[in-house]
Amino acid sequence: MGLFDTFRAALRAPSRATAERDYLNQSVSRADLGRRMAEIDRGLFRHLPGGR
């Protein structure tokens, strides 16, 4: 991978699936996890490219 490709990858927005997974992994309790799952179902990350 060249230098340009490295910069492009660093600047690229995360995929929707990656953002959702990272958001869920930050939950601190089961209740928090449930709330975060509901937020995702309501479209919290719909603006990001990619899907599930």
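As the structure is a prediction and not an experimental result, all values here were calculated from the model.

Trainee: Give me the lowdown on the overall build of the protein, citing residues and values where you can.
Mentor: Of the regular secondary structure elements, the protein holds 3 helices and 0 strands. Along the protein, helices and strands appear, N-terminal first, in the series α-α-α. Compactness check: the protein gives a C-alpha radius of gyration of 14 Å against a globular reference of 10 Å for 52 residues, more than 25% above the reference. Counting only C-alpha atoms, the protein reaches 45 × 20 × 15 Å along its principal axes.

Trainee: How would you summarise the packing of helix 2 (residues 16-25) against helix 3 (residues 30-41) if you had to cite specific residues and measurements?
Mentor: At a minimum axis separation of 9 Å, helix 2 and helix 3 run at an interaxial angle of 160°. With respect to their mutual orientation, helix 2 and helix 3 come out roughly antiparallel. Relative to helix 3, helix 2 is oriented so that their crossing is right-handed. Between helix 2 and helix 3, the contacting residues are Glu20, Tyr23 and Leu24 on the first element and Leu33, Arg35, Arg36, Met37, Glu39 and Ile40 on the second. In terms of residue class, the contact of helix 2 with helix 3 is made up of 5 nonpolar, no polar and 4 charged.

What counts as what
Residues numbered from 1 in each chain as written. Predicted model: local features only at pLDDT ≥ 70, side-chain atom pairs only at ≥ 80, totals over all residues. Heavy atoms only, no water. Helix = DSSP H or I, 4+ residues; strand = E, 2+ residues; numbered from the N terminus. Rg over C-alpha atoms; globule rule 2.2 N^0.38 Å. Axes fitted to C-alpha atoms, helices over the stretch in contact; angles between N-to-C directions. Parallel < 35°, antiparallel > 145°, perpendicular 65-115°, else oblique. Left-handed = near helix turned anticlockwise from the far one by under 90°. Contact = heavy atoms within 4.5 Å. Nonpolar A, V, L, I, M, F, W, Y, C, P; charged D, E, K, R; others polar.

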